[in-house]
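Descriptive analysis of the structure
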Amino acid sequence: MSSRRQIWVGGVPIGGGAPVAVQSMCKTETADYEATIKQIRAVADAGADLVRVAVPRETDVDALKRIVVDSPIPIIADIHFNYTLALKSIDAGAHCIRLNPGNIGGPDKVAQVADRARAAGVPMRIGVNSGSLPKHLHELERENPVEALVTAAVEFVALMERLDFEDFKVSIKSTSVPNTIAANRLLAERIDYPLHLGITEAGTKWTGSLKSAVGLGALLADGIGDTIRISLSTFHAEEEVKVAWEILKALKLRERGPVLIACPTCGRLQFDMDTVVVDIEKRLEAYADPIEVAVLGCAVNGIGEASHADFGITGAKNEGLIFSRGKPLKKVPTEQLVDALFAEIDRYYAAGKQVVSDAALAAEGAEWLAAIEAENADDLTPERLAAMEKAKQAEEAEAVEAERLAEAASPTAGRRFTRA
Ligand code: SF4
């Protein structure tokens with residue numbers, strides 16, 4: 001299902017079991033060297049493995065020559081219509097060329113780019129977009145847009161293979177999330193080249209992130225996709241990278257930086273969690289380690305579902321608790337919760353990743369927590385309702401299994417459908 005082949009874009013492996021690579025695309029005019037390199041550094045700092053820049057003019061090629069040297073991550077030159085810009089971008093030192101064989105001027109132009117790329121050892125990304133399918137597929141596109149997208153991609157792959165060029169990855173993109181999912185699933189069955197995933201023109205940070213999480217998440221969960229780009233309508237390309245990482249982290253495909261877990265809050269919330277969560281999320285950006293930090297809006301359930309977290313807080317009106325891996329560390333006034341949490345996290349790193357606990361403070365915290373739990377023992381919190389539901393399901397499953405075993409052990413078992 002996932003790509004068998006592997007290519008290398010600069011020093012980054014794509015496909016063949018390599019970690020899913022994160023990429024973004026500069027929003028700047030590539031010819032503006034200063035603005036472009038600044039944005040490249042921003043996306044690299046945010047965790048991009050690769051970055052794409054648009055090359056629609058000769059002046060972009062001039063800037064590209066400097067950019068490829070100064071960039072901390074490999075550069076993909078994005079070319080449409082003008083194959084000579086692809087040739088010049090290869091000569092300029094681009095680490096990969098993205099082109100759509102359908103709009104580059106015919107197979108002979110694609111052949112020239114493939115020859116130059118092969119000689120330079122530069123891979124390509126062959127991109128197919130729902131908006132620019134070859135003419136002979138327009139009718140099929142009306143009847144079956146998914147099949148049309150996949151057919152276009154497979155035809156381009158066949159063209160590249162005829163040209164004896166196999167150092168490429170493939171992307172098929174659509175503005176439709178269901179079509180993107182269906183097309184990539186089908187394509188993954190038909191070709192073994194690495195796949196680049198993305199949703200075209202996904203939208204704003206809010207809608208675009210959601211569409212991408214649904215579309216790319218479904219594919220990545222199936223093991224499909226070797227590199228991803230989240231397309232968002234924002235000038236801050238690093239936002240795309242942050243979203244990409246959240247998707248990969250949620251699927252446990254890659255680790256980068258802390259994981260924040262927070263309860264959804266409910267009527268039992270005892271402190272201003274909206275502000276606290278945002279504050280914690282911002283401050284966690286300074287940490288590279290994948291520690292898990294939990295924020296619980298009240299202590300009614302104890303540490304409960306967050307007991308696996310490396311660090312966490314739970315609060316009441318005036319006081320809150322800092323805990324670590326299921327054990328109380330100390331109670332503190334609510335307004336000091338966030339600072340105290342980060343003091344504990346810093347202490348952990350200063351001690352060589354050892355949780356530092358003061359027995360007297362921990363005992364005081366445990367006592368505080370036990371009192372709150374006892375006070376609210378009968379409350380039906382969302383967590384307790386979920387636990388009850390889970391227990392009921394387990395009980396039912398056990399009863400069904402017991403009935404099945406009893407039936408199998410019965411002397412009449414297997415004879416039920418025997419004819420007399
Ligand atoms: S009961 Fe659960 S959801 Fe409600 S505030 Fe407490 S921890 Fe959060």
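Refer to the structure printed above.
Residues numbered from 1 in each chain as written. Predicted model: local features only at pLDDT ≥ 70, side-chain atom pairs only at ≥ 80, totals over all residues. Heavy atoms only, no water.

1. Regarding the side chain of Gln-39
- Structurally, Gln-39 is set in helix α1 (residues 33-46).
- When near neighbours in sequence (up to four residues on either side) are disregarded, Gln-39 contacts Cys-26, Lys-27, Thr-28, Phe-235, His-236 and Ala-237. (Helix = DSSP H or I, 4+ residues; strand = E, 2+ residues; numbered from the N terminus. Contact = heavy atoms within 4.5 Å.)

2. Examining the pairing of strand β3 (residues 21-25)
- Burial analysis of β3 places 5 of its 5 residues in the buried class, which makes it a mostly covered element.
- The alternating pattern of β3 places Ala-21, Gln-23 and Met-25 and Val-22 and Ser-24 on opposite faces, both of which are buried.
- One ladder, built from 3 bridges, connects β3 with strand β10 (residues 227-229); its direction is parallel. Looking across to β10, one finds that Ala-21 is bridged to Thr-227.
- The pairing of β3 with strand β4 (residues 50-54) spans 3 bridges and is classified as parallel. (Buried < 20%, exposed > 50% of the residue type's maximum accessible area, 1.4 Å probe, protein only. Pairing = 2+ DSSP bridges.)

3. Focus: the nonpolar core
- The biggest cluster of nonpolar side chains holds 81 residues, and the ones touching the most others in it are Ile-40, Leu-64, Ile-97, Met-124, Phe-168 and Val-170.
- Per element, the largest residue contribution to this core is 10 residues, and it comes from helix α6 (residues 145-162).
- Each residue touching Phe-168, except ones within four places of it in the same chain, is listed here: Ile-7, Met-124, Ile-126, Val-157, Met-160, Tyr-193 and Pro-194.
- In this structure, Val-277, Leu-296, Ile-303 and Phe-323 belong to the second largest nonpolar core, which totals 35 residues. (Core = buried A, V, L, I, M, F, W, Y, C linked by side-chain atoms within 4.5 Å.)

4. Description of the environment of Gly-326
- Counting through the fold element by element, Gly-326 comes out in the loop between β14 (319-324) and β15 (327-333).
- Its relative accessible area of 32% is what places Gly-326 among the partly exposed residues.
- When sequence neighbours within four positions are dropped, the list of residues in contact with Gly-326 reads Ile-303 and Ser-307.

5. Some details on α6
- The first and last C-alpha atoms of α6 sit 26 Å apart over 18 residues, in line with the 26 Å expected at 1.5 Å per residue.
- Along α6, the positions that sit buried rather than exposed are Val-146, Ala-148, Leu-149, Val-150, Thr-151, Ala-152, Ala-153, Phe-156, Val-157, Leu-159 and Met-160.
- Tucked inside the fold, the buried residues of α6 contact α4 (107-120), β7 (124-129), α5 (138-143), β8 (168-173) and α7 (177-190).
- Just downstream of α6 lies Asp-164, where phi reads positive at about 60°. (Expected span 1.5 Å × (residues − 1).)

6. Looking at the pattern of salt bridges
- According to the stated counting rule, one finds 29 salt bridges in the structure shown.
- With a shortest N-O distance of 3.8 Å, Asp-62 and Lys-65 are connected by a salt bridge. Of this pair, Asp-62 and Lys-65 are both found in helix α2 (residues 58-70), 3 residues apart, which corresponds to roughly one turn of the helix.
- Lys-65 gets classed as partly exposed once you look at its relative accessible area, which sits at 44%.
- Arg-185 serves as the salt-bridge partner of Asp-222, at 2.9 Å between the closest nitrogen and oxygen. In this pair, Asp-222 is assigned in the loop between α8 (205-221) and β10 and Arg-185 in helix α7, connecting sequence segments 37 residues apart.
- One continuous salt-bridge network, built from bridges that share partners, spans Arg-4, Arg-5, Glu-166 and Asp-192. (Salt bridge = Lys/Arg side-chain N within 4 Å of Asp/Glu carboxyl O.)

7. Some remarks on the site of the ligand
- Residues in contact with the ligand, as listed here, are Cys-263, Thr-265, Cys-266, Arg-268, Leu-269, Gly-297, Cys-298, Asn-301, Thr-381, Pro-382 and Glu-383.
- Its residues assigned to classes, the shell around the ligand shows 5 nonpolar, 4 polar and 2 charged. (Near = heavy atom within 4 Å. Nonpolar A, V, L, I, M, F, W, Y, C, P; charged D, E, K, R; others polar.)

8. Looking at a nonpolar patch on the surface
- Among the surface-exposed residues, Leu-380, Leu-385 and Met-388 lie close enough to one another that they form a single nonpolar patch of about 290 Å² accessible area.
- Relative to the helices and strands, Leu-380 resides in the loop between α12 (359-375) and α13 (382-409). (Patch = residues over 30% accessible without salt bridge, like charges linked within 9 Å, V, L, I, M, F, W, Y side chains within 5 Å. Areas by Shrake-Rupley, 256 points an atom, 1.4 Å probe, with all protein chains shown as cover.)

9. Remarks on α4
- Look at α4: 20 Å from first C-alpha to last across 14 residues, which is about the 20 Å you get at 1.5 Å a residue.
- Of all the positions in α4, only Val-110, Ala-111, Val-113, Ala-114 and Ala-117 are classed as buried. Seen end-on, α4 carries its buried residues on one side only, within an arc spanning 165°.
- Elements that come into contact with the buried residues of α4 comprise α3 (83-92), β6 (96-99), β7 and α6.
- Count one or two residues on from α4 and you reach Gly-121, which has phi positive near 70°. (Arc of directions from axis to C-beta.)

10. Quick word on the sheet that holds strand β11 (residues 259-262)
- Taken in spatial order, the 5 strands of this open sheet run β11-β12-β13-β14-β15, and their pairing is mixed. Two strands lie at the open edges of the sheet, namely β11 and β15, each paired on one side alone. Neighbour-to-neighbour, the strand axes of the sheet open up by a mean angle of 20°, direction not taken into account.
- In terms of strand pairing, β14 meets β15 through 6 bridges, oriented antiparallel. Directly across from Leu-321, in β15, lies its bridge partner Lys-331.
- In this fold helix α11 (residues 337-350) packs onto β12 (292-296), β13 (311-315), β14 and β15, with an angle of close to 160° to the strand it touches most, β13. (Axes fitted to C-alpha atoms, helices over the stretch in contact; angles between N-to-C directions.)

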